[in-house]
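# Descriptive structure summary
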Amino acid sequence: MLSTSNTDRRKLLSALSHGSIFFSTTLVSIGIPIAIYFIADDSVIRSNAKESINFHLNVWFWATVIGVPIGILSFITFGLGGILFFPVVALGFLIHWGLTIWALLHCFSQPDVPFRYPFTFRIF
C-alpha cells in the first residue's frame, strides 16, 4: 500500500501530465509529460505520462487533418468555410477537452490505475 505522500505525488504528476494540454498548443504542453516520463520512477505515473504524450500527438494529428482543409476552404471562400464547418471544429474541441477532463477526474479518483484514452493511436 502506498503512503499518503506517494499517492498525492502520483495524483499530482499524473494529473499534470494529462492537464498540460490546457497550458498551450505549443511544444511546452507535450514537454511536461515527456519530462515527467523521464523523471518519474513510478510505473503508474510513467504510464499516464506516456498516454498523455500519445494523446497530444493524436490531437495534433487530427487538428491538422481537419484544420488544414477547413483553413484552405476558408481562404478560398473568404471565411465562409470556417462558418460552415464551425460545428465540426466545436465538436473537436468538445471531445478534446472532455477526454482531458475525464482523464483528470480518473487520476484523482483512481490514482492506482493508469488512464487510457479511447480511440487513440498509441505511437509511443
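The structure this text deals with has already been given above.
What comes next concerns the included structure. Note that the structure is a prediction, hence the values are computed from the model and not measured.

## Notes on helix H5 (residues 86–109)
A rise of 1.5 Å per residue sets the reference length of H5, with its 24 residues, at 34 Å; its end C-alpha atoms lie 34 Å apart and thus fit the reference within 8%. Taken together, the buried positions of H5 are His-96, Leu-99, Thr-100, Ala-103, Leu-104, His-106 and Cys-107.

## Considering the pattern of salt bridges
Enumeration over the complete set of coordinates arrives at five salt bridges. Glu-51 is the partner of Arg-116 in a salt bridge, and the nearest nitrogen-oxygen pair spans 3.8 Å. Here Glu-51 lies in helix H3 (residues 43–76) and Arg-116 lies in the segment after H5, a separation of 65 residues in the sequence. Several salt bridges share partner residues, and in doing so they unite Arg-10, Asp-42 and Asp-112 into one network.

## Remarks on the packing of aromatic side chains
The geometry of an aromatic ring pair is captured by the separation of the ring centres together with the interplanar angle, meaning the angle of the planes. Counted according to the given criterion, the structure contains nine aromatic pairs. Centroid distance Phe-61 to Trp-62: 4.9 Å. Interplanar angle 75°. Geometry classified as edge-to-face. Taking the relative accessible area as the measure of exposure, Trp-62 reaches 39% and is therefore partly exposed. Centroid distance Trp-102 to Phe-115: 5.2 Å. Interplanar angle 75°. Geometry classified as edge-to-face. Here Phe-115 lies in the segment after H5 and Trp-102 lies in helix H5, a separation of 13 residues in the sequence. Judged by relative accessible area, which is 45%, Trp-102 ranks as partly exposed. Members of the aromatic cluster, connected to one another through ring pairs, are Phe-55, Trp-102, Phe-115 and Tyr-117. Cation over ring: Arg-46 sits above Tyr-37, and NZ or CZ is 4.1 Å from the ring centre.

Definitions and cut-offs
Residues numbered from 1 in each chain as written. Predicted model: local features only at pLDDT ≥ 70, side-chain atom pairs only at ≥ 80, totals over all residues. Heavy atoms only, no water. Helix = DSSP H or I, 4+ residues; strand = E, 2+ residues; numbered from the N terminus. Expected span 1.5 Å × (residues − 1). Buried < 20%, exposed > 50% of the residue type's maximum accessible area, 1.4 Å probe, protein only. Salt bridge = Lys/Arg side-chain N within 4 Å of Asp/Glu carboxyl O. Phe/Tyr/Trp six-rings, centres within 6.5 Å; stacked < 30°, edge-to-face > 60°. Lys NZ or Arg CZ within 6 Å of the ring centre and 35° of its normal.

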